[in-house]
Amino acid sequence: ADAARVPALVVGSGYGGCVAALRLAEAGVDVHLVELGMAWDTPGTDGKIFANTTTPDYRSFWLRTRTKQPLSNFLGFPLDKEVPRHTGILDAEEFSGITVYQGRGVGGGSLVNGGMAVTPKRENFGSVLPTVDADEMYGVYYPRANAGLGVATIDPDWFETADCYQYARVGRKHAQRSGFPFLFVPDVYDWDYMKKEQAGTVPRSALAGEILYGNNAGKKSLQQTYLPRIKATGRVTISPLHRVTTVTPASGGGYTVVLEQLDTSGAVTAIKSVTADKVFFAAGSVGTSKLLVKLKATGALPNLSNEVGRGWGDNGNVMCGRANHMWDATGALQSSIPTAGIDNWAAGGAFAEVAPLPTGIETYASFYLSITKNPNRAAFSWNAAANKVDLNWQTAWKQPSIDMAKTIFDKINAKEGTIYRTDLFGVYKIWGDHLTYHPLGGAVLGKATDNYGRLHGHPGLYVIDGSLIPGNTSVNPFVTITALAERNIEKIVATDL
Ligand code: FAD
């Protein structure tokens, strides 16, 4: 093992990790940013960096030999297929009661997500982060996050005419006819680029159905926003294909961090050790929770709070499709970037996005991802016999989410004389209730940590990702994760360095 000492080590390069690395480096601190996944800066065998959603290949999944697509079936046929085992971009991590989808690579979830960049309504913020000053968040940190991420809203005139949003206009019509408020969902996609895609003057990305396994153009992931700024500081060393396995107090102060280097088959090729004065956990809600629960249980960090691993939620994610009448065609060309939302949060506990079903053919289907106010919370625990961390979420805990989503779609179906699709998640199965895209919690702010993410029990250790948020953000989470990280790192830079 080679010994090295760094002032700050950041575990994971998603939203929280990138905010931490940038702001520390700007404050003059040298940072080692460690990332489990690949760099995603080199074209594959087809000349493209990222695989298309409709043709998953070796790049698409994290160390699986068979795809596990969120939409598993179509017209009754299973869609999954064999792929070579590779350190691909999307991890479908299976716990006993839920599959948690996560991004793997430099840029974390920003590489795979839909880019929907939603700031919660202020009236809901008290239940999202009850211990955080809302005035500061809405005055300073949400604006900072929105600017840093490049968030923008679709040109409403163009929306009315673009073929690729016919599905969203149908979704709006049905929502409005049932009396639900409709709104545009902001995104980090470059809307001018999308206009050019529709006009046929640039290579298609959103209009070629790219999402889930990366976008080759158009979407501003962290690769286009925070990461160039991080590199420009000259103070951040990024190590892709390295997994942090242990963090433990070092004899001379600080923490000894053990890293496994991986090859693209997932095999460990080297074990390294770094000593860091400060360690920032930004491995995502699941990654950070798993590390902290293991490190407490195995005695590496014995003083961590009993709150570590608790307060985990799925942001109430649930998916469904509706079968439209033949006169409500949703379009063969569908932008993979959703831009339409139905807000029934106050009355029914559900905020639904009109999602694409980019199959390339007319499906007469409307497809939705709902975020709901599901009250269930799960906990991670160390399973010593199996040498792994378990999560006690149960599939049945999604029932409140289904009930809340039904406050929207039962009403729309009744009004339109339509029915739910039963062919998208299996055979005769309406609800996509087996998964989440939005893991949150496991090291909740003000419980496992203080009110700025300092872990109780071990000074110099911080959490700065989605695990701080207690299970639900009322909308898509990454703007809130980024804004909270901006708030916390500003305090930490000012007082702890
Ligand atoms: P992440 O972005 O998950 O980053 C954590 C990083 O840490 C990862 O890169 C991981 O590989 C790395 N890591 C994990 N363990 C280790 C370890 N032991 N050592 C080193 N590195 C490690 N949110 C929205 O707001 N809008 C959307 O439209 C949206 N769509 C989504 C679509 C999909 C398919 C998915 C999967 C997610 C979507 N999300 C969306 C959710 C959003 O991407 C996440 O909430 C966000 O990425 C979480 O940020 P984070 O900083 O907490 O962690």
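The notes below deal with the structure included here. (Residues numbered from 1 in each chain as written. Predicted model: local features only at pLDDT ≥ 70, side-chain atom pairs only at ≥ 80, totals over all residues. Heavy atoms only, no water.)

## Comments concerning the overall build of the chain
Line of reasoning, step 1. From N to C terminus, the chain includes 11 helices and 20 strands.
Line of reasoning, step 2. Whereas a compact globule of 497 residues would reach a radius of gyration of roughly 23 Å, the chain reaches 22 Å, a difference of no more than 12%.
Line of reasoning, step 3. By principal-axis analysis of the C-alpha atoms, the chain measures approximately 70 × 50 × 45 Å.
Line of reasoning, step 4. Taking the contacts inside the chain whose residues are at least 6 apart along the sequence as the reference set, 72% of them involve residues at least 24 apart.
Line of reasoning, step 5. When the accessible area of the chain is evaluated, it comes to approximately 17800 Å², of which 53% is carbon and sulfur surface.
Line of reasoning, step 6. Looking at charge distribution, the chain has the averaged site of its 46 positive side-chain charges lying 2 Å from that of its 45 negative ones. (Helix = DSSP H or I, 4+ residues; strand = E, 2+ residues; numbered from the N terminus. Rg over C-alpha atoms; globule rule 2.2 N^0.38 Å. Contact = heavy atoms within 4.5 Å. Areas by Shrake-Rupley, 256 points an atom, 1.4 Å probe, with all protein chains shown as cover. Lys, Arg positive; Asp, Glu negative; His and termini not counted. Charge placed at Lys NZ, Arg CZ, Asp CG, Glu CD.)

## Observations regarding the site of the ligand
Line of reasoning, step 1. Taken together, the neighbourhood of the ligand is formed by 37 residues, with E35, G109, M116, G466 and F478 sitting nearest.
Line of reasoning, step 2. At a separation of 3.0 Å, an oxygen atom of the ligand approaches a polar backbone atom of G16.
Line of reasoning, step 3. Side-chain polar atom of R104 to an oxygen atom of the ligand: 3.2 Å apart, as the coordinates give it.
Line of reasoning, step 4. Contact with the protein chains covers 95% of the free accessible surface of the ligand, which is 1000 Å².
Line of reasoning, step 5. Looking at the shell around the ligand, the elements that each hand over two or more residues are α1 (15–26), β6 (99–103), β9 (242–249), α8 (284–297) and α11 (478–496).
Line of reasoning, step 6. Broken down by class, the residue content of the shell around the ligand amounts to 16 nonpolar, 17 polar and four charged. (Near = heavy atom within 4 Å. Polar contact = N/O pair within 3.5 Å; in protein donor to acceptor, adjacent residues only side chain to side chain. Nonpolar A, V, L, I, M, F, W, Y, C, P; charged D, E, K, R; others polar.)

## A word on the pattern of salt bridges
Line of reasoning, step 1. Under the defined criterion, the tally for this structure stands at 27 salt bridges.
Line of reasoning, step 2. In this structure, E416 engages R177 in a salt bridge whose closest nitrogen and oxygen atoms are separated by 2.6 Å. You can see E416 sitting in helix α10 (residues 399–416) and its partner R177 sitting in helix α5 (residues 166–177), a full 239 residues away along the chain.
Line of reasoning, step 3. Under the relative-accessibility criterion, E416 is labelled buried at 11%.
Line of reasoning, step 4. For K429, the salt bridge goes to D433, with nearest N and O atoms at 2.8 Å.
Line of reasoning, step 5. Linked by salt bridges that have partners in common, D91, E93, R104 and K290 make up one network. (Salt bridge = Lys/Arg side-chain N within 4 Å of Asp/Glu carboxyl O. Buried < 20%, exposed > 50% of the residue type's maximum accessible area, 1.4 Å probe, protein only.)

## Regarding the packing of aromatic side chains
Line of reasoning, step 1. This model, assessed by the stated rule, comprises 21 aromatic pairs.
Line of reasoning, step 2. Taking the centre distance of 5.3 Å and the plane angle of 75° together, the rings of W393 and W397 count as edge-to-face.
Line of reasoning, step 3. For W393, a relative accessible area of 1% corresponds to the buried category.
Line of reasoning, step 4. Ring pairs connect the aromatic residues W158, F159, Y165, Y167, F182, F184 and W191, which therefore count as one cluster.
Line of reasoning, step 5. In this structure, R229 packs its charged tip against the face of Y226, placed 5.7 Å from the ring centre.
Line of reasoning, step 6. Over the ring of F180 we find K411; its NZ or CZ atom is 5.1 Å from the centre of that ring. (Phe/Tyr/Trp six-rings, centres within 6.5 Å; stacked < 30°, edge-to-face > 60°. Lys NZ or Arg CZ within 6 Å of the ring centre and 35° of its normal.)

## As for the environment of V19
Line of reasoning, step 1. Looking at the secondary structure, you find V19 in helix α1.
Line of reasoning, step 2. Residues V19 and Q394 lie 375 residues apart in sequence; the distance between their C-alpha atoms is 33 Å.
Line of reasoning, step 3. The residues touching V19, leaving out its near neighbours within four places in the chain, are Y226, T482, A485, E486 and I489.

## Structural notes on the packing of α1 against α11
How two helices pack is summed up by the angle between their axes together with the distance between the axes.
Line of reasoning, step 1. Across the interface, α1 lies against α11 with an axial gap of 9 Å and an inter-helix angle of 30°. It follows from the interaxial angle that α1 and α11 lie roughly parallel. For the crossing formed where α1 meets α11, the hand is right-handed. The segment α1 lies against α11, with Y15, G16, V19, A20, R23 and L24 engaging F478, I481, T482, A485, E486, I489 and V493.
Line of reasoning, step 2. Classifying every residue of the contact of α1 with α11 gives nine nonpolar, two polar and two charged. (Axes fitted to C-alpha atoms, helices over the stretch in contact; angles between N-to-C directions. Parallel < 35°, antiparallel > 145°, perpendicular 65-115°, else oblique. Left-handed = near helix turned anticlockwise from the far one by under 90°.)

## Remarks on the packing of α5 against α10
Line of reasoning, step 1. One can describe the packing of α5 onto α10 by two numbers: an axis separation of 9 Å at closest approach and a directional angle of 90°. Relative to α10, the element α5 lies roughly perpendicular. Contact residues: H174, A175 and R177 in α5; I412, K415 and E416 in α10.

## Section: the sheet that holds strand β19 (residues 435–436)
Line of reasoning, step 1. Taken in spatial order, the three strands make up an open sheet running β5-β6-β19, and their pairing is mixed. Looking at strand neighbours, the two that pair on one side only are β5 (90–94) and β19, the edges of this open sheet.
Line of reasoning, step 2. Taken together, the two bridges between β6 and β19 define a ladder with parallel strand orientation. Counterpart to V100 in the pairing with β19 is T436. (Pairing = 2+ DSSP bridges.)

## Things to note about the sheet that holds strand β7 (residues 182–184)
Line of reasoning, step 1. Judged by pairing direction, the sheet is antiparallel, and its six strands sit side by side in the order β7-β13-β14-β15-β12-β18 without closing on themselves. The open sheet has two edge strands, β7 and β18 (419–420), and neither has a second partner.
Line of reasoning, step 2. Two elements, strand β14 (residues 350–355) and strand β15 (residues 365–372), share six bridges in a ladder whose sense is antiparallel. Within β15, the residue paired with E353 across the bridge is L369.
Line of reasoning, step 3. Against the sheet, α5 touches β7, β12 (318–323), β13 (340–344), β14 and β15, its axis set at about 145° to β14.
Line of reasoning, step 4. Sheet strands in contact with α10 are β12, β13, β14, β15 and β18, and its direction is about 10° off that of β12.

## Re unusual backbone geometry
Line of reasoning, step 1. In this structure, W40 takes a positive phi of about 55° despite not being glycine.
Line of reasoning, step 2. The exposure class assigned to W40 is buried, which follows from its relative accessible area of 6%.
Line of reasoning, step 3. Despite not being glycine, L212 has its phi angle at roughly 75°, a positive value.
Line of reasoning, step 4. Within the fold, L212 resides in the loop between α6 (191–199) and α7 (226–232).

## Structural notes on the side chain of D343
Line of reasoning, step 1. By the element assignment, D343 lies in strand β13.
Line of reasoning, step 2. In this structure the side chain of D343 is engaged in a polar contact, spanning 3.0 Å, whose partner is the backbone nitrogen of W345.
Line of reasoning, step 3. Discounting residues that sit within four places of it in the chain, D343 has contacts with K121, P181, L183, A350 and F351.

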